[in-house]
Amino acid sequence: MDAVAYIRVSTNKEEQELSLENQREFFEKYVGNRNDTLIRIYSDKGKSATKMKNRKDLQRLLSAARRGEFQRLYVKDISRLFRNTLDFITVSRELANLGVQLHLVNMGEGKDIDMFTLNLMAMIAENESQKISERTKFGKQFSKERGIVPNFVFGYDRTDKYTLVPNPEESRWVQKIFDLYTEEEWGMAKIAKFLYESHVKTKKLKDGQPNYNWSQISVGRILTNPIYIGTVINGKESMKDIFTRRNRQKNPKEEWYVSERPEFRIISDEQFEKAQQIKEKNAKQYCQREKRSNKHLFSNLIKCNSCGFSYRRYQKQYSPNRPPKVWWTCSKRSSYGSGRCDSEYIRIDEDWLKSALNTLFKSLLDDRESFFTLVETRCNSIIKEYIRNTSGIMLEEVENRLDELKQERERLKTLAVKALITMDEAEHDMIPINEEIEKLSFRLNETNKTREITQKIKASIQAFLNTFSAFDFSGNITNEELKKVVKEIRVVSKNEIYVYFNIAEDIEGLNFPINISDVVEIDTDSNNRAQRCT
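What counts, and where the lines are drawn
- Residues numbered from 1 in each chain as written.
- Predicted model: local features only at pLDDT ≥ 70, side-chain atom pairs only at ≥ 80, totals over all residues.
- Heavy atoms only, no water.
- Helix = DSSP H or I, 4+ residues; strand = E, 2+ residues; numbered from the N terminus.
- Buried < 20%, exposed > 50% of the residue type's maximum accessible area, 1.4 Å probe, protein only.
- Contact = heavy atoms within 4.5 Å.
- Areas by Shrake-Rupley, 256 points an atom, 1.4 Å probe, with all protein chains shown as cover.
- Polar contact = N/O pair within 3.5 Å; in protein donor to acceptor, adjacent residues only side chain to side chain.
- Pairing = 2+ DSSP bridges.
- Axes fitted to C-alpha atoms, helices over the stretch in contact; angles between N-to-C directions.
- Core = buried A, V, L, I, M, F, W, Y, C linked by side-chain atoms within 4.5 Å.
- Disulfide = S-S within 2.5 Å.
- Salt bridge = Lys/Arg side-chain N within 4 Å of Asp/Glu carboxyl O.
- Expected span 1.5 Å × (residues − 1).
- Left-handed = near helix turned anticlockwise from the far one by under 90°.
- Nonpolar A, V, L, I, M, F, W, Y, C, P; charged D, E, K, R; others polar.

(A) Focus on the overall build of the protein. When helices and strands are tallied, the protein shows 15 helices and 20 strands. Every one of the 534 residues in the protein was classed for burial, and the buried ones make up 41%. Considering only residue pairs separated by 6 or more positions, the protein has 62% of its internal contacts joining residues 24 or more positions apart. Surface summary for the protein: the accessible area is close to 30,100 Å², and the carbon and sulfur share equals 47%.

This is the structure:
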């Protein structure tokens, strides 16, 4: 049987690198001893299990599973995959639907286990991760009050948690960035391009190698960081949900922790303040213009699969007697050169893309019964897996049984307090009661989650089908209207342009892609420009 393994470490520290290599060696031997064929080991380094979208190799693993490239997945334990129950349930059930067996090594000699056991283990892993996160949050709060400094700040070398030493070479570039912005009136994108062309290294490595990929965002962070005038600020933001790391919120200034460290100063107060005024002025001017995110039909919709950047719109008038040519290409490659994006040069003609999408939509609507069946089948498959382990459960009976068990537990405590039975006797009698309470609580919790998720999936599906049925792409539609139906258009290559429909924002597996080339023919010239739709 063809198999793959997945390994992960949460930091980039040297000892974690050694752990990653040890895991590789282990699986090469372990899988071979089980007479499976190990075709690949997927690994993510420096990635937390609470964030699924940032783990690129996990995403590649899931894509390979959907293509049917393997039949068994080996992992050391459940925490290597997820510490989030919803993500785990969604993905593990998709793997099961694809015929992929999940094999956990830490269960004795390793075992292909049932979904109920997996769900139970996922909830335990989530609970443990929440406890760790709470302890981590407390530690970070203490460090903020003492004036902890960031791990990486361009212009400095960090000697310990609370001390930075100015780096002579980087400090000169910090001064140069402020001079270009405040005196030469350069924009942040132009400064980023200048730093890249000047071969200035960023503070962080990329795949263990020096990184020269500056961006407008990284330059903006330098220009607004008060550490360069000797002020360390902690506690500007906090997370409502420390486990999922979502819902980050800004804290009011009175809750910030401000430490004055004059030895950190590189920039004068006057120049720093001038930079803030210029940035604020530019921001106001930008707000007066139409937002880029929805200015054009495909704004913020076309994504480069290689670097993740959006495609940018370009327009050129070749002849006064003809309409201008409009095309889209990767904004990162266009702005910073081919060395910044690994994809091939692809130039998508806007009229061709409109025509291609119109053909795609028309073909789906002409055979809407098959398309809607496909969407509903995917929906029902996910719902079916969610309810598989909770079918037959009567919520009222479970809740009543929990109340009975808790009352019995309290009765035993009372008897022990009154010395009618010994404490050892009470604890002994409570063992089976606590075990049953824990099992029923898990089942009840899963059932409630299942009910919420099922309702959410059904509502998302119905809303999408209603919107799609009434959608007319051939008309004069706006970017906002198109985004109601299309989540993104992902460009992998000139022959692979995938449309992801906006079915459900956060339910893994529902926003499945359709390749435009499966419906229309993609013709390109020697420069990889999409020419026409036939």
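(B) Expanded view of the side chain of Glu488. Structurally, the position occupied by Glu488 is in strand β16 (residues 486-493). Glu488 sits in the buried class, given a relative accessible area of 15%. Within polar-contact distance, the side chain of Glu488 engages the side chain of Arg490 at 2.6 Å. Among all residues touching Glu488, those that are not within four sequence positions of it are Leu301, Lys303, Tyr498, Val499 and Tyr500.

(C) Spatial organisation of the sheet that holds β16. In spatial order, the strands read β12-β16-β17-β18; together these four strands make up an open sheet with mixed pairing. Looking at the sheet topology across the chains shown, the edges are occupied by β12 (302-304) and β18 (513-515). In this sheet, adjacent strand axes meet at a mean angle of 30° when their direction is disregarded. Taken together, the six bridges between β16 and strand β17 (residues 496-501) define a ladder with antiparallel strand orientation. Bridging across to β17, Ser493 finds its partner in Glu496. Contacts from helix α11 (residues 350-366) reach β12, β16, β17 and β18, with the element oriented near 55° to β17.

(D) Just the nonpolar core, in detail. Core analysis: the biggest nonpolar cluster contains 41 residues, and Phe468, Phe501 and Ile516 have the highest contact counts within it. Going through the elements one at a time, β12, β14 (325-330), α11, α12 (368-388), α14 (423-469), β16 and β17 are the ones with two or more residues in this core. With sequence-adjacent residues up to four places away left out, Phe468 is seen in contact with Phe361, Leu364, Leu365, Phe371, Phe372, Val485 and Phe501. Counting 29 residues, the second-largest nonpolar core is a separate cluster that includes Val149, Trp214, Val219 and Ala275.

(E) Region of interest: the pairing of strand β7 (residues 163-166). As paired strands, strand β6 (residues 156-160) and β7 are joined by four bridges and run antiparallel to one another. Bridge pairing in β7 links Tyr156 to Pro166. Between the end of β6 and the start of β7, which pair antiparallel, lie two residues.

(F) Broad picture of unusual backbone geometry. Although it is not a glycine, Asn35 adopts a positive phi angle of roughly 65°. Note that Asn35 resides in the loop between α1 (14-33) and β2 (37-45). Phi angles above zero are rare outside glycine, and Glu185 is one such case at about 60°. Mapped onto the elements of the fold, Glu185 is located in the loop between α6 (168-182) and α7 (188-197). The class of Glu185 is exposed, set by a relative accessible area of 69%.

(G) Examining the state of the cysteines more closely. Per the counting criterion, the structure on display carries zero disulfides. Here Cys330 stays unpaired: no disulfide links it, and the sulfur of Cys307, its closest cysteine neighbor, is 3.5 Å away. By relative accessible area, Cys330 is classed as buried at 1%.

(H) Focus on the pattern of salt bridges. Per the counting criterion, the structure on display carries 17 salt bridges. For Glu436, the salt bridge identified is with Arg401, shortest N-O distance 3.0 Å. Taken as a pair, Glu436 in helix α14 and Arg401 in helix α13 (residues 395-417) lie far apart in primary sequence, 35 residues in all. One salt bridge in this structure joins Glu408 and Arg411, with 2.8 Å as the shortest N-O distance. Of this pair, Glu408 and Arg411 are both found in helix α13, three residues apart, which corresponds to roughly one turn of the helix. Taking relative accessible area as the criterion, Glu408 reaches 28% and is therefore assigned partly exposed. Taken together, the salt bridges that share partners define one network made up of Arg40, Asp57 and Arg60.

(I) Just α11, in detail. If you check α11, its first and last C-alpha atoms are 24 Å apart, about what 17 residues at 1.5 Å a residue would give, namely 24 Å. Between the side-chain oxygen of the N-cap and the backbone nitrogen of Asp351 there are 3.1 Å, and the N-cap of α11 in question is Asp349.

(J) Just the packing of α6 against α7, in detail. The contact between α6 and α7 brings their axes to 10 Å, and the two run at 145°. Note that α6 runs across α7; the crossing there is right-handed. Only Met188, Ile191, Phe194 and Leu195 of α7 make contact with α6, whose side of the interface consists of Trp173, Lys176, Ile177, Leu180 and Tyr181. The residue makeup of the contact of α6 with α7, split by class, is eight nonpolar, no polar and one charged.

(K) Here's a closer look at the environment of Val100. Within the element layout of this structure, Val100 appears in the loop between α4 (85-97) and β4 (101-104). When its relative accessible area of 7% is taken as the criterion, Val100 is described as buried. For the pair Val100 and Arg66, spaced 34 residues apart in the sequence, the C-alpha separation amounts to 9.7 Å. Leave out the neighbours within four places in its chain, and Val100 touches Ala65, Phe70, Gln71, Arg72, Leu73 and Leu95.

(L) Looking closely at α6. An ideal rise of 1.5 Å per residue puts 21 Å on 15 residues; α6 measures up with 21 Å between its terminal C-alpha atoms. Among the residues making up α6, those that are buried are Glu170, Ser171, Val174, Ile177, Phe178, Leu180, Tyr181 and Thr182. A distance of 3.2 Å separates the backbone nitrogen of Glu169 from a side-chain oxygen at the start of α6, and that oxygen is part of Asn167.

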